Amino acid sequence: PSYYPDLCGADVSQREELAFSDSSGGNVINDKIFNVSRADWHFSLGSVVEWRLTGAEAPGTGAKTHPYHQHMTHFQVVDVRMQGPAKAEHEPLVAVGDWRDTLPLYGDVGFTIRFVAPFVGLMMVHCHIQKHSDNGMLALAQIHDAASEEERTPAAEAREAAAYRASVRGAGASRE
């Protein structure tokens, strides 16, 4: 959409790799199960972040999908990687330059995305298959205000995690 800037040629502030699952099919991101007290990535408000997303199960396991989804902001696809049977049998599922909030990850299909960190706070990323998320395939990224960034100490992260847990409990209570 015209209201999002084109990030394909943007200067990137931070690059990360996110591997959804592992060779045994575990419900993990980068070999870690979700922990509400931990933010796995930290970046500053307004920074351009690039993530290389992969389905880490063995190539050729195309039936095992992990729809990557992130909260807070859409992202732009800057690279599409297809190998094995996916490359030979399918057109790309998505094109470079597309803006999305969800992408399908397979052992044979991965993407590189970019987004601008839009708000201060915790951003959740997860597999959009509820059973996988419930079993630990989700993670948190902490977006800090660069102008007044508090030192990243374990105590500061514990306070942020406690505030997040309280907000989640409050949101759940309001739906009951």
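In the block above lies the structure referred to throughout.
The residue numbers shown here count from 1 along each chain, following its written sequence. Local features in this predicted model are restricted to residues whose pLDDT is 70 or higher, and side-chain atom pairs enter the listing and the counts only when it is 80 or higher, whereas totals over whole chains, interfaces and linings include all residues. Note: side-chain values were computed over all heavy atoms of the structure, leaving out hydrogens and water.

Strand pairing is defined by DSSP finding a minimum of two bridges between the two strands. Numbering of helices and strands runs from the N terminus, with a helix taken as a DSSP run of H or I at least four residues long and a strand as a DSSP run of E at least two residues long. Read across the open sheet, the 5 strands follow the order E2-E10-E9-E4-E7; overall the sheet is mixed. Each end of this open sheet is capped by a strand with a single partner; those strands are strand E2 (41-44) and strand E7 (102-105). Strand-to-strand twist across the sheet, computed as the mean angle between neighbouring axes with direction ignored, equals 25°. Direction of pairing for strand E9 (residues 121-127) relative to strand E10 (residues 138-144): antiparallel, over a ladder of 6 bridges. Bridging from a neighbouring strand, His126 pairs with Leu138 of E10. In this description, a line fitted to the C-alpha atoms serves as the axis of each element, helices being fitted only across the stretch in contact, and the angle between N-to-C directions of two axes falls anywhere from 0 to 180 degrees.

Below, the discussion takes up the packing of aromatic side chains. Pairing of aromatic rings covers Phe, Tyr and Trp, the last through its six-membered ring, and needs centres within 6.5 Å; plane angles under 30 degrees mean stacked, over 60 mean edge-to-face, and all others mean tilted. Evaluation of the coordinates by the stated rule reveals 8 aromatic pairs. Seen in terms of ring centroids, Tyr3 and Tyr4 are 5.0 Å apart; in terms of plane orientation they differ by 50°. Their pairing is tilted. Buried residues are those whose accessible area, probed at 1.4 Å on protein chains only, stays under 20% of the maximum for their type, while exposed residues exceed 50% and partly exposed ones sit between those limits. Here Tyr3 falls in the exposed class, since its relative accessible area comes to 66%. For Tyr4, a relative accessible area of 23% gives the class partly exposed. Considering the side-chain rings of Phe43 and Phe115, the 5.9 Å spacing of their centres and the 65° angle between planes classify their relative orientation as edge-to-face. Remark: Phe115 occurs in strand E8 (residues 109-116) and Phe43 occurs in strand E2; sequence separation between them is 72 residues. Among the aromatic residues, those joined into a ring-pair cluster are Trp41, Phe43, Trp51 and Phe115.

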